[in-house]
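Inside the fold
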Amino acid sequence: MRSIERGDNPAAPAPKGDAAEARRKRRDAMAAEAAKLQAAEAAAAEGVQVPAAEAAEPEADSEPSGAVEGVEDAEEAAEAPEAPEAPEDTPAAPDDAPEPVTAPVPDPVAAPTVAAERPPRERERPTPEPVRRARLPVVYDPAAVEAVRSVLAEGGAPAELAEPAVAALGERAAQALREDPWQVLSLAGVRVEHADGFARALLGGACGPDDERRVRALVVWLLERAAEQGHTALESSVLRAALEKQAVSDAEEGLSAAIAEGRVLVFQDTEDVPGAKPATADEGDEGPPVRLLLGLDRYALAEESLADGLDRLLKTFEGDDLEWESAASAAASPSAAALIRAAAVSGLVTHTGGEAARAEPVALVAAARELGLRAYAAAYTAEGRRRLAAHLGEDAAVTVAGLLSGQEGPGREADGSLALDVLAVLDAPQLDVELSATLVEAVPDGARLVLSGDPGVLWSAGPGRAFADLLAAKTCPQVASRTPDFGPIGELVSGIGIGELTAVEAPDKEVVIVPVRDPREAVHRTVQLVADSVPRAIGVAAAETQVITPGHGGAVGTQVLNTALKERLNPGPGRFGGFDPGDRVVYAPEPGLALPGTVLSADPEGLNLDCAGTPVLVPRDEVAALRHGWAMTAQQAAGLRWPAVVVVLPGDAVQALTRAWVYTAFGRGERHLSVVQGVEQGLAQAVAGIPAKDRTTRLRSVLREQATAE
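Let me sum up the structure you'll find in this document. Each chain has its residues counted from 1, following the order in which its sequence is written. Predicted model: local features are reported for residues with pLDDT of at least 70 only, side-chain atom pairs are reported and counted for 80 or more only, and whole-chain, interface and lining totals are derived from all residues. For the side-chain quantities, the full set of heavy atoms in the structure was used; hydrogens and water were omitted.

A separate point is the overall build of the protein. The helix and strand labels rest on DSSP assignments: H or I over at least four residues marks a helix, E over at least two residues marks a strand, and numbering proceeds from the N terminus. Looking only at helices and strands, one finds 25 helices and 19 strands in the protein. A total of 710 residues make up the protein; the buried ones form 55% of that total. A sequence separation of at least 24 residues applies to 76% of the contacts in the protein between residues at least 6 apart. The Shrake-Rupley method, run with a 1.4 Å probe sphere, supplies the accessible areas, and residue values consider only the shown protein chains as cover. Of the roughly 30,100 Å² of accessible surface on the protein, a fraction of 51% belongs to carbon and sulfur atoms. Buried means the residue's accessible area, taken with a 1.4 Å probe over protein chains only, is under 20% of the maximum for its type, while exposed means over 50%, and partly exposed covers the values in between. Two residues form a contact once any of their heavy atoms are found within 4.5 Å.

Next comes the structure, spelled out in structure tokens:
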């Protein structure tokens, strides 16, 4: 058991002589952390880089670590005396961790409007109205905010946390914090050592590491950090170990108290238990091995709701007497025909395949519309929607977000369900469990839902692995495409998908490997490829070439690469919040969605971007959420494609690599793939031995329980 002396336990009281200095340091640390999180809040889940900022502490990685590793990472962050930063020699910042702001962002309004140069034909077109997000001002009770400021000041916490505290805890936040100071852990940017210091200042000698209020808050905090790593639940043994690392002497009792108070939910699960077998009559009362999972009600309800919605679609489907067989016979490929036949007889179908297989759900939607049904295809990204619209037309192609918001697609029926008969969702692996539940709930009874995607790509940025769990549960018809991805890149990626990294013939330099010895050479070669080699040898302009690297931080992270690429491709002073007209950027209009674009101009409302032909306005107070976008992470790139891609693998990236990461990154190129290779044999080892970093979820078990109960 850890010592409870001050040197080892952050909850131990400080010597009286150090009280004022301790309060000052604690207030400064919490203020800095809050400023970082508030400035990068819009980028928290989908990882857009804040200009001129250092790499931030790890948050939701593109492929989160296993349950034990994920919580241990959270614990180490909690024990650190200062906010951790990614080391310069490692790509420690995960794919989508936001980067904190270290200096105020210049106001775009202060600079004159300067538009990026466009080809003449662009100027001749009428300019569409920029996409604007609906924004409602939030006003909190001034008296409540002032009361919280008083409590925060007494505890040595920054006043900037007052409004977030009222938003999270309500108008009685001041009283709540005074009675239970550890509730400050529910605020963004506050870590365990901050909360312990705040509680010590308010409670004095009554504060201890085993305080039941502290233990309750720690349980919730650990589960929230696990959710950032992609888990929807954790094994009880993992949580016990995590609490013990926080100097909780009786972790079992603490968990029991949290369960009894309803802070967390407990579940029994037989899935993924080593050696577990289905129960049989011969096993008597013992049954198969089980594991105890603990989770927050938010994600438990999302998984239960999703399972119920999927089950509803299967049960309410009645079919029709339309000419589905004729449509299948006319399909362009056997796999498209198989998908049409499956959708003809089931309200829920899963479809898997690579890039070429995306034509099959498109064929299904086209066939359904010819049969007179209200059919739509939904992509996760705007770029995906653009590609769908090229085959189906603008009215039949939507994004998932646009469909649910009503800005795209058929709108809603009187009962609130979507006004459609067939919905094919591409990029299904990118939907987290909450978005999946929301989408399925909106599909009307009797409709057909096809969830389609490549099972080899990275999972969603948010919690869960809904598509993978549905595939594993095998509770609905499944169609696996036999359409291969052609060409050297397709051959290479297909091999990676089965754990094999083999050399491919590339007579037209479709795949090029560029060995490097150190980070400096990796950066140099990357810039050379984008700015000179690929345009000259392949005929793909720098503007159509995307760089992908494992993380934001480190010597060859997105920040370093974007700085070098901007200097070469679009040098400028960063007059608009750190950006210049012509800069490539990544914008996160909502958590989990990365939107690549190009800066056009600035005006009093904010920055104007061109995102795949669509004008988008980034409000002034969200400019800090932008990052330069010449280089991005594989999680950000999932669901997108470019004519040419340069994947950068520095020598220190080995631990960040998995088969899913490599598969996703290498598969983003349409015509050309360059690999700046510094990991040597580490690449082949990752492809062969590390399919993915696992996530602890319950959806597969819930789906199978439903199927067994029927």
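There is more to say, and it comes next.
For the rest of this paragraph, the subject is the side chain of Arg627. Along the chain, Arg627 turns up in strand β16 (residues 627–628). Separated by 2.8 Å, the side chains of Arg627 and His552 make a polar contact. Counted as a polar contact is a pair of N or O atoms within 3.5 Å, where, for protein atoms, one must be capable of donating a hydrogen and the other of accepting one, and residues adjacent in sequence contribute only when both atoms are in side chains.

Further remarks concern the sheet that holds strand β17 (residues 631–632). Two strands are counted as paired when DSSP detects at least two bridges linking them. A sheet is described by the order of its strands in space; here five strands give the open sequence β10-β19-β18-β11-β17, paired in parallel fashion. Where the open sheet ends on each side, the last strands, each with one partner, are β10 (511–515) and β17. Pairing geometry for β10 and strand β19 (residues 669–677), over five bridges, is parallel. Bridge pairing links Val511 to Leu673 in β19. Axes here refer to lines fitted to C-alpha atoms; in helices the fit is confined to the stretch in contact. Angles between the N-to-C directions go from 0 to 180 degrees. The strands that helix α20 (residues 519–538) touches are β10, β11 (545–548), β18 (642–649) and β19; relative to β19, the one it contacts most, it runs at about 150°. Sitting on the sheet, helix α23 (residues 659–666) touches β11, β18 and β19, and the angle it makes with β18 is about 145°.

On to the side chain of Asp269, then. Tracing the chain through its elements places Asp269 in strand β2 (residues 265–269). Looking at Asp269, its side chain comes within polar contact range of the side chain of Ser701, at 2.3 Å. The contact partners of Asp269, leaving out residues within four places of it in the chain, are Pro289, Val290, Arg291, Leu293 and Ser701.

It is worth spelling out the packing of aromatic side chains at this point. Any Phe, Tyr or Trp ring, taking Trp's six-membered ring, that has another such ring centre within 6.5 Å forms a pair; planes under 30 degrees apart are called stacked, those over 60 apart edge-to-face, and the others tilted. One pass over the structure, following the stated rule, counts zero aromatic pairs. The criterion for a charge sitting over a ring is simple: Lys NZ or Arg CZ within 6 Å of the ring centre, and within 35 degrees of the ring normal. Between Arg369 and the ring centre of Tyr376, over which it is positioned, the NZ or CZ distance is 5.4 Å. Arg698 extends its terminal NZ or CZ atom over the ring of Phe267, reaching a point 3.6 Å from the ring centre.

Moving on, we get to the nonpolar core. Among buried residues, the Ala, Val, Leu, Ile, Met, Phe, Trp, Tyr and Cys ones that are joined through side-chain atoms within 4.5 Å form a nonpolar core. If you look at the biggest cluster of nonpolar residues, it comprises 48 residues, and the most contacted ones within it are Val148, Leu152, Leu177, Leu185, Phe198 and Leu243. Contributions of two or more residues to this core are made by α4 (142–154), α5 (162–169), α6 (173–179), α7 (192–203), α8 (212–228), α9 (236–245) and α10 (251–260). Listed in part, the 38 residues of the second largest apolar core include Ala307, Leu431, Val440 and Ala447.

Looking now at the environment of Val560. With respect to the helices, strands and loops of the structure, Val560 is situated in helix α21 (residues 558–569). Residue classification places Val560 among the partly exposed positions, given a relative accessible area of 30%. Remark: the alpha-carbon pair of Val560 and Val523, spanning 37 residues in sequence, is separated by 8.0 Å. Excluding residues that lie within four positions of it along the chain, Val560 makes contacts with Val523, Gly554 and Ala555.

For this document, the term salt bridge refers to a Lys or Arg side-chain nitrogen within 4 Å of an Asp or Glu carboxyl oxygen. On inspection of all chains with the given rule, the structure shows 35 salt bridges. Between Glu261 and Arg216 there is a salt bridge, with the nearest N and O atoms lying 3.2 Å from each other. In this pair, Glu261 sits in the loop between α10 and β2 while Arg216 sits in helix α8, placing the two residues 45 residues apart along the sequence. Overall, the relative accessible area of 42% leaves Glu261 in the partly exposed class. Here Arg216 falls in the buried class, since its relative accessible area comes to 10%. Asp580 is the partner of Lys566 in a salt bridge, and the nearest nitrogen-oxygen pair spans 2.8 Å. Residue Lys566 is located in helix α21, and its partner Asp580 is located in the loop between α21 and β12 (584–590); the two are separated by 14 residues in the primary sequence. Residue class for Asp580 comes out buried when judged on its relative accessible area of 5%.

To continue, consider the sheet that holds strand β1 (residues 234–235). Strand order in the open sheet formed by three strands is β1-β3-β2, and the pairing between neighbours is antiparallel. Two strands in the sheet have a free side with no partner beyond their single neighbour: β1 and β2. Here β2 runs beside strand β3 (residues 291–295); their pairing, made up of five bridges, is antiparallel. The residue bridging Val266 from the neighbouring strand is Leu294, located in β3.

Closest axis-to-axis distance for the α20/α21 pair is 10 Å, and the angle between their directions is 40°. With respect to each other, α20 and α21 are oriented oblique. For the pair α20 and α21, the sense of crossing is right-handed. Of the residues in α21, those touching α20 at Val523, Thr526, Val527, Val530, Ala531 and Asp532 are Val560, Leu561, Ala564, Leu565, Arg568 and Leu569. Gly is put with the polar residues, along with every residue not named as nonpolar or charged; the nonpolar set is Ala, Val, Leu, Ile, Met, Phe, Trp, Tyr, Cys and Pro, and the charged set is Asp, Glu, Lys and Arg. Of the residues belonging to the contact of α20 with α21, the class tally is nine nonpolar, one polar and two charged. Orientation categories follow fixed angle ranges, with anything under 35 degrees roughly parallel, anything over 145 roughly antiparallel, 65 to 115 roughly perpendicular, and all other angles oblique. Left-handed describes a crossing whose near helix is turned anticlockwise from the far helix through less than a right angle; right-handed describes the clockwise counterpart.

With respect to the helices and strands, Val220 occurs in helix α8. Judged by its relative accessible area of 18%, Val220 is buried. Along the chain, Val220 and Arg263 lie 43 residues apart, while their C-alpha atoms are 7.1 Å from each other. Discounting residues that sit within four places of it in the chain, Val220 has contacts with Arg263 and Leu296.

Right, let's talk about the pairing of β19 for a bit. Along β19, seven of the nine residues are buried, which leaves the element largely enclosed by surrounding structure. Across seven bridges, β18 lies against β19 in parallel orientation. Directly across from Val647, in β19, lies its bridge partner Val675. A crossover connection joins β18 to the parallel β19 through α23; in handedness this β-α-β unit is right-handed. A clockwise course of the path from the first strand over the helix to the second, judged with the strands pointing away from the viewer, identifies a crossover as right-handed.

Moving on to α9. It helps to recall that an α-helix has 3.6 residues per turn; residues three or four apart then point in one direction. Of all the residues in α9, the buried ones are Ser236, Val238, Leu239, Ala242 and Leu243. The buried residues of α9 all sit within an arc of 155° when viewed along its axis, so they share a single face. Backbone geometry just after α9 places Ala247 at a positive phi near 70°. What the arc measures is the spread of directions leading from the helix axis to the C-beta atoms.

Let's shift gears to unusual backbone geometry. The phi angle of most residues is negative, glycine excepted, and most peptide bonds adopt the trans form. Positive phi values are uncommon outside glycine, yet Asp427 reaches one of about 60°. Relative to the assigned elements, Asp427 resides in the loop between β7 (422–425) and α17 (433–442). Non-glycine residue Ala612 carries a positive phi angle of around 55°. Taking the relative accessible area as the measure of exposure, Ala612 reaches 47% and is therefore partly exposed.

What follows covers the environment of Asp308. With respect to the helices and strands, the residue Asp308 is situated in helix α11 (residues 297–316). Taking the relative accessible area as the measure of exposure, Asp308 reaches 46% and is therefore partly exposed.

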